[in-house]
Amino acid sequence: LKSLNNAYLSGDLKNLEVLLKEEQGNITPEEMLMLIDNRNNNWIKKLPDLFTSGSCFVAVGCLHITGKTGLINQLKKAGYKVEPVIF
């Protein structure tokens, strides 16, 4: 958890992805599909409507932002500019 937090706070998405792949050894592909990929794909369907309805802030767990099905990648593919906000 500390490694995930450090990688997130430093904006190190590559390391987050490495840590996710390490965790995948403890999670079945079906669980990954259900916990990460499907949820990301569902969010991507809903976010454009939220963005056009006014000001919007989206917060998700750090493992939802990395990888091919990660929200950052999918939003960029959809033409959105994505910027990190770290408090």
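Just above sits the structure.
Structural notes, computed from the coordinates. Going along each chain's sequence as written, the residues are numbered from 1 onward. Selection of residues for local features in this predicted model requires a pLDDT of at least 70, selection of side-chain atom pairs for listing and counting requires 80 or more, and totals for whole chains, interfaces and linings are taken over all residues. Excluding hydrogens and water, the side-chain figures rest on all heavy atoms present in the structure.

1. Brief notes about the overall build of the protein
In terms of regular secondary structure, the protein is built from four helices and zero strands. Only C-alpha atoms enter the radius of gyration; for comparison, a globular chain is expected to reach 2.2 Å times N to the power 0.38, where N is the number of residues. Over its C-alpha trace the protein gives a radius of gyration of 13 Å, about what one expects of a compact globule, namely 12 Å for 87 residues. About 6,400 Å² of surface is accessible on the protein, with carbon and sulfur atoms providing 56% of the total. Secondary structure elements are defined from DSSP: runs of H or I of at least 4 residues count as helices, runs of E of at least 2 residues count as strands, and each element is numbered from the N terminus. Computed by Shrake-Rupley with a 1.4 Å probe, the accessible areas treat only the displayed protein chains as cover when residues are assessed.

2. As for the environment of Ile72
Its place among the elements puts Ile72 in helix α4 (residues 71-77). Residue Ile72 is classed as buried on the basis of its relative accessible area, which comes to 18%. With 60 residues separating them along the chain, Ile72 and Asp12 place their C-alpha atoms 13 Å apart. Type-normalised accessible area, obtained with a 1.4 Å probe on protein chains alone, sets the label of each residue: buried when under 20%, exposed when over 50%, and partly exposed for intermediate values.

3. A word on the side chain of Thr66
Within the secondary structure layout, Thr66 lies in the loop between α3 (29-52) and α4. Under the relative-accessibility criterion, Thr66 is labelled buried at 5%. For this analysis, residues touch if any pair of their heavy atoms sits within 4.5 Å. Among residues more than four places away in sequence, those in contact with Thr66 are Leu13, Leu16, Glu17 and Leu20.

4. Digging into the pattern of salt bridges
We define a salt bridge as a contact between a side-chain nitrogen of Lys or Arg and a carboxyl oxygen of Asp or Glu at a distance within 4 Å. Per the counting criterion, the structure on display carries one salt bridge. The salt bridge partner of Lys81 is Glu83, with a shortest N-O separation of 3.0 Å. According to the relative accessible area criterion, Glu83 is exposed, its value standing at 54%.

5. Quick look at α3
The first and last C-alpha atoms of α3 sit 34 Å apart over 24 residues, in line with the 34 Å expected at 1.5 Å per residue. Bend at a given residue is defined as the angle between two axes, one fitted to the seven residues that end at that position and one fitted to the seven that begin there. When the local axis directions of α3 are compared, the greatest deviation, roughly 35°, occurs at Lys46, which is followed within four positions by the proline Pro48. Among the residues trailing α3, Gly54 stands out with phi positive, at a value near 140°. Expected helix span is given by 1.5 Å per residue-to-residue step, counting one fewer step than there are residues.

6. Digging into the packing of aromatic side chains
We describe a pair of aromatic rings using the distance from one ring centre to the other and the angle between the two ring planes. Paired rings are identified among Phe, Tyr and Trp, the last through its six-membered ring, by centres lying within 6.5 Å, and are further divided according to the angle between planes into stacked (under 30 degrees), edge-to-face (over 60) and tilted (the rest). Applying the stated criterion to the full structure yields one aromatic pair. Taken together, a centroid distance of 5.0 Å and an interplanar angle of 65° make the contact between Phe51 and Tyr80 edge-to-face. Note that Phe51 is positioned in helix α3 and Tyr80 in the segment after α4, a separation of 29 residues in sequence. On the basis of relative accessible area, Phe51 is assigned to the partly exposed category, the value being 26%.

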